[in-house]
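Residues per chain, in single letters:
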Amino acid sequence: MKILHLDQNHPLLLEQLKAAGFDNAEDYTSPREAIEQVIEHYQGIVIRSRFDIDAAFIDKAVNLKFIARVGAGLESIDQEYAAKKGITLISSPEGNRNAVGEHTLGMLLSLFNKLNKADREVKAGNWLREDNRGLEVDGKTIGIIGYGNMGKAFAKKLRGFDCKIICYDIKEGVGDEKAQQVTLENFRSEVDVVSLHTPWTPLTNKMVDNDFINGFIKPFWLLNTARGRSVVTKDLVHGLKSGKILGAGLDVLEFEKLSFESLFTSEMPQELKQLLAMDNVLLTPHVAGWTVESKTKLAQVIVDKIVAKFGN
(Lines give C-alpha, C1' and ligand atoms only; values in the text may rest on other atoms or scores of the structure.)
Protein backbone atom coordinates (compact mmCIF):
# COMPACT_ATOMS: atom_id res chain seq x y z
CA MET A 1 0.00 0.00 0.00
CA LYS A 2 1.39 3.40 -1.02
CA ILE A 3 1.00 6.28 1.44
CA LEU A 4 1.54 9.96 0.61
CA HIS A 5 2.72 12.10 3.54
CA LEU A 6 1.70 15.73 3.08
CA ASP A 7 3.05 17.21 6.33
CA GLN A 8 6.23 16.56 8.25
CA ASN A 9 5.70 14.61 11.45
CA HIS A 10 7.81 12.65 13.89
CA PRO A 11 10.28 10.38 12.01
CA LEU A 12 8.90 7.30 13.76
CA LEU A 13 5.80 7.52 11.58
CA LEU A 14 7.76 6.92 8.38
CA GLU A 15 10.12 4.45 10.00
CA GLN A 16 7.49 2.23 11.54
CA LEU A 17 5.19 2.27 8.52
CA LYS A 18 8.11 1.24 6.33
CA ALA A 19 8.97 -1.56 8.74
CA ALA A 20 5.34 -2.70 8.57
CA GLY A 21 5.55 -3.03 4.79
CA PHE A 22 4.02 0.25 3.61
CA ASP A 23 5.52 2.28 0.75
CA ASN A 24 5.97 5.90 1.88
CA ALA A 25 6.21 8.98 -0.34
CA GLU A 26 6.68 12.53 0.92
CA ASP A 27 5.59 15.84 -0.58
CA TYR A 28 5.56 18.75 1.84
CA THR A 29 5.73 21.66 -0.57
CA SER A 30 3.77 21.10 -3.80
CA PRO A 31 0.53 23.06 -4.19
CA ARG A 32 -2.73 21.19 -3.85
CA GLU A 33 -3.22 21.24 -7.64
CA ALA A 34 0.00 19.29 -8.12
CA ILE A 35 -0.99 16.77 -5.45
CA GLU A 36 -4.30 16.24 -7.24
CA GLN A 37 -2.42 15.20 -10.38
CA VAL A 38 -0.76 12.26 -8.61
CA ILE A 39 -3.13 11.32 -5.81
CA GLU A 40 -4.68 8.50 -7.84
CA HIS A 41 -1.48 6.48 -7.29
CA TYR A 42 -1.89 6.33 -3.51
CA GLN A 43 -4.05 4.29 -1.18
CA GLY A 44 -3.38 6.38 1.92
CA ILE A 45 -2.78 10.00 2.95
CA VAL A 46 -1.18 11.29 6.15
CA ILE A 47 -1.83 14.99 6.78
CA ARG A 48 -2.04 17.53 9.58
CA SER A 49 -3.72 20.70 8.35
CA ARG A 50 -1.93 21.67 5.15
CA PHE A 51 -5.11 22.02 3.11
CA ASP A 52 -8.74 20.93 3.14
CA ILE A 53 -9.63 17.57 1.68
CA ASP A 54 -12.98 18.19 0.04
CA ALA A 55 -15.19 16.26 -2.39
CA ALA A 56 -13.30 17.56 -5.43
CA PHE A 57 -10.01 16.27 -4.04
CA ILE A 58 -11.53 12.95 -3.01
CA ASP A 59 -12.94 12.46 -6.51
CA LYS A 60 -9.39 12.55 -7.86
CA ALA A 61 -8.17 10.10 -5.21
CA VAL A 62 -9.80 7.12 -6.89
CA ASN A 63 -7.74 4.47 -5.08
CA LEU A 64 -7.75 6.03 -1.63
CA LYS A 65 -8.45 3.68 1.28
CA PHE A 66 -7.73 5.98 4.21
CA ILE A 67 -6.98 9.53 5.29
CA ALA A 68 -5.03 9.84 8.54
CA ARG A 69 -4.87 13.21 10.28
CA VAL A 70 -2.10 13.66 12.83
CA GLY A 71 -4.28 15.58 15.26
CA ALA A 72 -7.61 15.42 17.05
CA GLY A 73 -10.17 16.99 14.70
CA LEU A 74 -11.35 15.98 11.24
CA GLU A 75 -13.17 19.17 10.24
CA SER A 76 -10.75 19.87 7.40
CA ILE A 77 -12.00 16.71 5.68
CA ASP A 78 -15.40 16.22 4.02
CA GLN A 79 -16.23 13.35 6.33
CA GLU A 80 -19.63 12.53 4.85
CA TYR A 81 -18.30 12.34 1.30
CA ALA A 82 -15.29 10.30 2.38
CA ALA A 83 -17.59 7.80 4.08
CA LYS A 84 -19.73 7.63 0.95
CA LYS A 85 -16.59 6.71 -1.01
CA GLY A 86 -15.65 4.02 1.51
CA ILE A 87 -12.60 5.90 2.80
CA THR A 88 -11.57 5.24 6.40
CA LEU A 89 -10.79 8.36 8.45
CA ILE A 90 -8.18 8.13 11.19
CA SER A 91 -7.34 10.77 13.82
CA SER A 92 -5.25 10.75 16.98
CA PRO A 93 -6.88 12.62 19.88
CA GLU A 94 -5.32 10.10 22.26
CA GLY A 95 -1.91 11.46 21.31
CA ASN A 96 -2.28 15.03 22.56
CA ARG A 97 -5.06 14.86 25.15
CA ASN A 98 -2.60 14.94 28.06
CA ALA A 99 -0.88 18.00 26.62
CA VAL A 100 -4.23 19.77 26.19
CA GLY A 101 -5.23 18.91 29.75
CA GLU A 102 -2.00 20.34 31.17
CA HIS A 103 -2.15 23.47 29.02
CA THR A 104 -5.75 24.18 30.03
CA LEU A 105 -4.86 23.81 33.70
CA GLY A 106 -1.86 26.10 33.19
CA MET A 107 -4.08 28.77 31.65
CA LEU A 108 -6.55 28.51 34.52
CA LEU A 109 -3.84 28.87 37.18
CA SER A 110 -2.18 31.74 35.34
CA LEU A 111 -5.47 33.65 35.02
CA PHE A 112 -6.51 33.03 38.62
CA ASN A 113 -3.12 34.14 39.97
CA LYS A 114 -2.50 36.93 37.42
CA LEU A 115 0.89 35.42 36.66
CA ASN A 116 1.41 37.00 33.25
CA LYS A 117 0.22 40.43 34.40
CA ALA A 118 2.36 40.32 37.54
CA ASP A 119 5.41 39.18 35.56
CA ARG A 120 5.10 42.12 33.15
CA GLU A 121 4.68 44.59 36.00
CA VAL A 122 7.65 43.36 38.04
CA LYS A 123 9.88 43.43 34.96
CA ALA A 124 8.74 47.03 34.45
CA GLY A 125 9.76 47.88 38.03
CA ASN A 126 6.25 47.84 39.55
CA TRP A 127 5.78 45.89 42.82
CA LEU A 128 1.97 45.78 43.09
CA ARG A 129 1.09 43.09 45.62
CA GLU A 130 -2.54 43.90 46.41
CA ASP A 131 -3.32 44.55 42.76
CA ASN A 132 -2.19 41.00 42.01
CA ARG A 133 -4.07 39.16 44.74
CA GLY A 134 -5.18 35.88 43.16
CA LEU A 135 -7.97 33.33 43.40
CA GLU A 136 -7.84 29.65 44.37
CA VAL A 137 -9.25 26.81 42.32
CA ASP A 138 -10.35 25.05 45.51
CA GLY A 139 -14.03 25.59 46.17
CA LYS A 140 -14.84 26.57 42.59
CA THR A 141 -17.12 24.73 40.17
CA ILE A 142 -15.33 23.91 36.93
CA GLY A 143 -17.62 23.19 33.98
CA ILE A 144 -16.40 21.25 30.97
CA ILE A 145 -18.31 21.41 27.67
CA GLY A 146 -17.46 18.40 25.52
CA TYR A 147 -16.49 15.44 27.67
CA GLY A 148 -14.43 13.33 25.28
CA ASN A 149 -10.68 12.76 25.15
CA MET A 150 -9.71 16.37 25.88
CA GLY A 151 -12.40 17.11 28.43
CA LYS A 152 -11.61 13.97 30.39
CA ALA A 153 -7.90 14.80 30.33
CA PHE A 154 -8.57 18.24 31.84
CA ALA A 155 -10.81 16.72 34.51
CA LYS A 156 -8.01 14.31 35.37
CA LYS A 157 -5.59 17.21 35.89
CA LEU A 158 -8.05 18.85 38.30
CA ARG A 159 -8.12 15.86 40.65
CA GLY A 160 -5.58 17.43 42.99
CA PHE A 161 -7.83 20.40 43.68
CA ASP A 162 -10.78 20.50 46.04
CA CYS A 163 -13.15 21.74 43.35
CA LYS A 164 -16.40 20.50 41.90
CA ILE A 165 -16.22 19.31 38.29
CA ILE A 166 -19.29 19.04 36.10
CA CYS A 167 -19.66 18.42 32.39
CA TYR A 168 -22.17 19.00 29.62
CA ASP A 169 -22.20 16.96 26.42
CA ILE A 170 -24.76 16.25 23.71
CA LYS A 171 -23.99 12.56 24.17
CA GLU A 172 -25.68 10.88 27.12
CA GLY A 173 -23.85 8.86 29.74
CA VAL A 174 -20.36 10.31 29.31
CA GLY A 175 -19.89 11.46 32.91
CA ASP A 176 -17.58 9.50 35.18
CA GLU A 177 -16.02 9.53 38.64
CA LYS A 178 -14.11 12.73 37.78
CA ALA A 179 -16.98 14.81 36.39
CA GLN A 180 -20.74 14.65 36.91
CA GLN A 181 -22.76 15.09 33.74
CA VAL A 182 -25.52 17.67 34.15
CA THR A 183 -28.17 19.38 32.05
CA LEU A 184 -27.32 22.63 30.30
CA GLU A 185 -29.64 24.47 32.67
CA ASN A 186 -27.81 23.13 35.72
CA PHE A 187 -24.46 23.77 34.07
CA ARG A 188 -25.32 27.43 33.50
CA SER A 189 -26.51 27.90 37.07
CA GLU A 190 -23.47 26.39 38.83
CA VAL A 191 -20.19 27.05 37.05
CA ASP A 192 -17.43 29.49 37.90
CA VAL A 193 -15.25 28.36 34.99
CA VAL A 194 -16.30 27.17 31.52
CA SER A 195 -13.77 25.13 29.56
CA LEU A 196 -14.48 24.21 25.93
CA HIS A 197 -13.31 20.82 24.65
CA THR A 198 -15.61 20.36 21.67
CA PRO A 199 -14.75 19.56 18.05
CA TRP A 200 -15.78 22.01 15.35
CA THR A 201 -19.19 21.07 13.99
CA PRO A 202 -22.15 23.12 12.73
CA LEU A 203 -23.52 22.84 16.29
CA THR A 204 -20.40 24.31 17.89
CA ASN A 205 -19.76 26.97 15.24
CA LYS A 206 -20.14 30.42 16.90
CA MET A 207 -21.54 28.61 19.94
CA VAL A 208 -20.24 31.15 22.46
CA ASP A 209 -22.18 34.26 21.50
CA ASN A 210 -24.16 36.88 23.43
CA ASP A 211 -27.06 34.52 24.06
CA PHE A 212 -24.74 31.81 25.34
CA ILE A 213 -22.84 34.21 27.60
CA ASN A 214 -25.95 35.84 29.04
CA GLY A 215 -27.48 32.44 29.81
CA PHE A 216 -25.17 31.94 32.80
CA ILE A 217 -26.33 32.86 36.29
CA LYS A 218 -22.91 33.95 37.57
CA PRO A 219 -20.02 35.77 35.91
CA PHE A 220 -17.56 33.12 34.75
CA TRP A 221 -14.07 32.51 33.41
CA LEU A 222 -13.78 31.10 29.87
CA LEU A 223 -11.12 28.69 28.62
CA ASN A 224 -10.93 27.60 24.99
CA THR A 225 -8.36 25.05 23.86
CA ALA A 226 -10.74 23.55 21.28
CA ARG A 227 -11.60 25.50 18.12
CA GLY A 228 -11.47 29.26 17.60
CA ARG A 229 -14.58 29.43 15.46
CA SER A 230 -16.67 28.25 18.43
CA VAL A 231 -16.33 31.69 20.06
CA VAL A 232 -17.64 34.94 18.56
CA THR A 233 -14.84 37.35 19.40
CA LYS A 234 -16.88 40.57 19.43
CA ASP A 235 -19.40 38.95 21.82
CA LEU A 236 -16.56 37.72 24.01
CA VAL A 237 -15.11 41.24 24.16
CA HIS A 238 -18.53 42.60 25.10
CA GLY A 239 -18.82 39.98 27.84
CA LEU A 240 -15.38 40.86 29.20
CA LYS A 241 -16.15 44.58 29.20
CA SER A 242 -19.50 44.07 30.93
CA GLY A 243 -18.00 41.79 33.60
CA LYS A 244 -20.17 38.86 32.58
CA ILE A 245 -16.93 37.09 31.67
CA LEU A 246 -14.24 37.56 34.33
CA GLY A 247 -11.33 36.56 32.12
CA ALA A 248 -10.43 34.28 29.24
CA GLY A 249 -7.68 31.86 28.35
CA LEU A 250 -7.65 31.26 24.59
CA ASP A 251 -5.34 28.90 22.76
CA VAL A 252 -7.42 29.26 19.59
CA LEU A 253 -8.98 32.26 17.88
CA GLU A 254 -11.88 32.84 15.52
CA PHE A 255 -9.58 34.42 12.94
CA GLU A 256 -7.12 31.55 12.52
CA LYS A 257 -6.66 30.18 9.04
CA LEU A 258 -8.08 26.68 8.68
CA SER A 259 -4.54 25.34 8.38
CA PHE A 260 -3.93 26.65 11.93
CA GLU A 261 -0.49 27.80 10.74
CA SER A 262 -1.18 31.54 10.82
CA LEU A 263 -3.60 33.92 12.45
CA PHE A 264 -5.00 35.89 9.53
CA THR A 265 -3.95 37.34 6.21
CA SER A 266 -5.80 40.66 6.10
CA GLU A 267 -5.98 43.64 8.46
CA MET A 268 -6.39 42.78 12.12
CA PRO A 269 -10.08 42.88 13.13
CA GLN A 270 -10.99 45.61 15.63
CA GLU A 271 -12.40 43.14 18.16
CA LEU A 272 -9.12 41.22 18.15
CA LYS A 273 -7.20 44.43 18.82
CA GLN A 274 -9.44 45.00 21.84
CA LEU A 275 -8.88 41.45 23.07
CA LEU A 276 -5.10 41.80 22.82
CA ALA A 277 -5.16 44.87 25.08
CA MET A 278 -6.95 43.17 27.99
CA ASP A 279 -4.96 42.14 31.09
CA ASN A 280 -7.49 39.44 31.99
CA VAL A 281 -7.05 37.64 28.66
CA LEU A 282 -4.31 35.05 28.14
CA LEU A 283 -3.49 34.00 24.57
CA THR A 284 -1.38 31.21 23.09
CA PRO A 285 -0.91 30.30 19.38
CA HIS A 286 -2.85 27.00 19.09
CA VAL A 287 -0.22 25.03 20.99
CA ALA A 288 -2.24 23.35 23.76
CA GLY A 289 -1.61 19.94 22.22
CA TRP A 290 1.80 20.94 20.84
CA THR A 291 4.42 19.46 23.18
CA VAL A 292 7.63 17.55 22.58
CA GLU A 293 5.96 14.45 24.00
CA SER A 294 2.71 14.82 22.06
CA LYS A 295 4.59 14.99 18.76
CA THR A 296 5.80 11.47 19.45
CA LYS A 297 2.51 10.19 20.80
CA LEU A 298 0.41 11.63 17.94
CA ALA A 299 2.60 9.87 15.37
CA GLN A 300 2.56 6.61 17.32
CA VAL A 301 -1.23 6.59 17.55
CA ILE A 302 -1.50 7.10 13.77
CA VAL A 303 0.98 4.31 13.05
CA ASP A 304 -0.80 1.91 15.38
CA LYS A 305 -4.21 2.61 13.85
CA ILE A 306 -2.99 2.31 10.25
CA VAL A 307 -1.17 -0.95 10.93
CA ALA A 308 -4.11 -2.39 12.88
CA LYS A 309 -6.54 -1.62 10.04
CA PHE A 310 -4.45 -2.06 6.89
CA GLY A 311 -1.32 -4.00 7.87
CA ASN A 312 -0.67 -7.50 6.59
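A.B. asks: Before we move on, could you go through helix α1 (residues 11-19) and cite the residues and values that matter?
C.D. replies: Think of an α-helix as turning once every 3.6 residues; residues three or four places apart then point the same way. Those residues of α1 not exposed but buried are Leu 12, Leu 13 and Leu 17. Buried residues of α1, viewed axially, fall in a sector of 120 degrees; they line one side. More than 90 degrees from the buried face of α1, the exposed residues found are Glu 15, Lys 18 and Ala 19. Turning to α1, the residues buried within the fold contact β1 (2-5), β2 (23-26), β3 (44-47) and α12 (292-310).

A.B. asks: With reference to specific residues and values, describe the packing of aromatic side chains.
C.D. replies: For any pair of aromatic rings, geometry is given as the distance between the ring centres together with the angle between the planes. Under the defined criterion, the tally for this structure stands at 6 aromatic pairs. Centre to centre, the rings of Phe 51 and Phe 57 are 5.6 Å apart; their planes meet at 55 degrees, and the pair counts as tilted. Assessed through its relative accessible area of 13%, Phe 51 is described here as buried. On the basis of relative accessibility, which here comes to 0%, the residue Phe 57 falls in the buried class. Among the aromatic side chains, those forming a connected cluster through ring pairs are Phe 187, Phe 212, Phe 216 and Phe 220.

A.B. asks: Summarise the nonpolar core; cite the residues concerned and give the values.
C.D. replies: Phe 187, Val 194, Leu 196, Val 208, Leu 222, Leu 236 and Leu 275 are the most contacted members of the largest nonpolar core, which totals 28 residues. Those residues in contact with Val 194 that sit more than four places away from it in its chain are Gly 143, Ile 145, Phe 187, Phe 216, Phe 220, Trp 221, Leu 222 and Leu 223. Among the nonpolar cores identified, the runner-up in size contains 21 residues, and Tyr 147, Ala 155, Leu 158 and Cys 163 belong to it.

A.B. asks: Please set out the pattern of salt bridges residue by residue, giving values where relevant.
C.D. replies: Summed over the entire model, instances satisfying the criterion amount to 18 salt bridges. Lys 117 is paired through a salt bridge with Asp 131; the nearest N and O atoms lie 2.7 Å apart. Of the two residues, Lys 117 is situated in helix α6 (residues 115-123) and Asp 131 in the loop between α6 and β6 (141-145); the sequence distance between them amounts to 14 residues. Asp 131 gets classed as partly exposed once you look at its relative accessible area, which sits at 40%. A salt bridge links Asp 235 to Lys 234, with the nearest nitrogen and oxygen atoms 3.3 Å apart. Using a relative accessible area of 7% as the deciding quantity, one classes Asp 235 as buried. A single network of salt bridges, built from pairs that share partners, joins Lys 152, Asp 176, Glu 177 and Lys 178.

A.B. asks: Now, about the pairing of β6: what can you tell me, with residues and values included?
C.D. replies: Most of β6 sits out of view: 5 of its 5 residues are buried. Residues Thr 141, Gly 143 and Ile 145 line one face of β6 and the alternating positions Ile 142 and Ile 144 line the opposite face, and both faces are buried. Examined bridge by bridge, β6 and strand β7 (residues 164-168) share 5 bridges and lie parallel to one another. Bridge pairing in β7 links Ile 144 to Cys 167. The parallel pair β6 and β7, bridged by helix α7 (residues 149-157), forms a crossover whose chirality is right-handed. One ladder, built from 4 bridges, connects β6 with strand β9 (residues 193-196); its direction is parallel. Opposite Gly 143, over in β9, you have Val 194 as the bridge partner.

A.B. asks: How would you summarise the environment of Lys 234 if you had to cite specific residues and measurements?
C.D. replies: Mapping Lys 234 onto the fold places it in helix α10 (residues 233-242). For Lys 234, a relative accessible area of 52% gives the class exposed. Considered as a pair, Lys 234 and Gln 270 are 36 residues apart in the sequence and their alpha carbons are 8.6 Å apart.

A.B. asks: Can you lay out the packing of helix α5 (residues 93-113) against α12 for me, pointing to particular residues and giving the numbers?
C.D. replies: Two elements in contact, α5 and α12, have axes whose closest approach is 7 Å; the angle formed by their N-to-C orientations is 160 degrees. It follows from the interaxial angle that α5 and α12 lie roughly antiparallel. Each of Pro 93, Glu 94, Gly 95, Asn 96, Asn 98 and Ala 99 in α5 lies in contact with α12, whose residues at this interface are Ser 294, Lys 297, Leu 298, Val 301 and Lys 305. For the contact of α5 with α12, the residue count by class is 4 nonpolar, 4 polar and 3 charged.

A.B. asks: Just give me the short version of the sheet that holds strand β10 (residues 220-224), but keep the residues and values in it.
C.D. replies: The parallel open sheet is built from 7 strands, whose spatial order is β8-β7-β6-β9-β10-β11-β12. Edge positions in the sheet fall to β8 (180-181) and β12 (281-283), since each of these pairs with one other strand and no more. Contacts between α7 and the sheet are confined to β6, β7, β9 and β10, with β6 contributing the most and set at about 165 degrees to the helix.

A.B. asks: Can you lay out the side chain of Glu 256 for me, pointing to particular residues and giving the numbers?
C.D. replies: In this structure, Glu 256 sits in the loop between β11 (245-250) and α11 (270-276). Despite its burial, Glu 256 pairs with no opposite charge, the nearest such side chain being Arg 227 at 7.1 Å. A distance of 3.0 Å separates a polar atom in the side chain of Glu 256 from the backbone nitrogen of Leu 253. Reaching out from Glu 256, the side chain makes a polar contact with the side chain of His 286 at a distance of 2.7 Å.

So, how was this worked out
Residues numbered from 1 in each chain as written. Predicted model: local features only at pLDDT ≥ 70, side-chain atom pairs only at ≥ 80, totals over all residues. Heavy atoms only, no water. Buried < 20%, exposed > 50% of the residue type's maximum accessible area, 1.4 Å probe, protein only. Helix = DSSP H or I, 4+ residues; strand = E, 2+ residues; numbered from the N terminus. Arc of directions from axis to C-beta. Contact = heavy atoms within 4.5 Å. Phe/Tyr/Trp six-rings, centres within 6.5 Å; stacked < 30°, edge-to-face > 60°. Core = buried A, V, L, I, M, F, W, Y, C linked by side-chain atoms within 4.5 Å. Salt bridge = Lys/Arg side-chain N within 4 Å of Asp/Glu carboxyl O. Pairing = 2+ DSSP bridges. Right-handed = clockwise from strand over helix to strand, strands pointing away. Axes fitted to C-alpha atoms, helices over the stretch in contact; angles between N-to-C directions. Parallel < 35°, antiparallel > 145°, perpendicular 65-115°, else oblique. Nonpolar A, V, L, I, M, F, W, Y, C, P; charged D, E, K, R; others polar. Lys, Arg positive; Asp, Glu negative; His and termini not counted. Polar contact = N/O pair within 3.5 Å; in protein donor to acceptor, adjacent residues only side chain to side chain.

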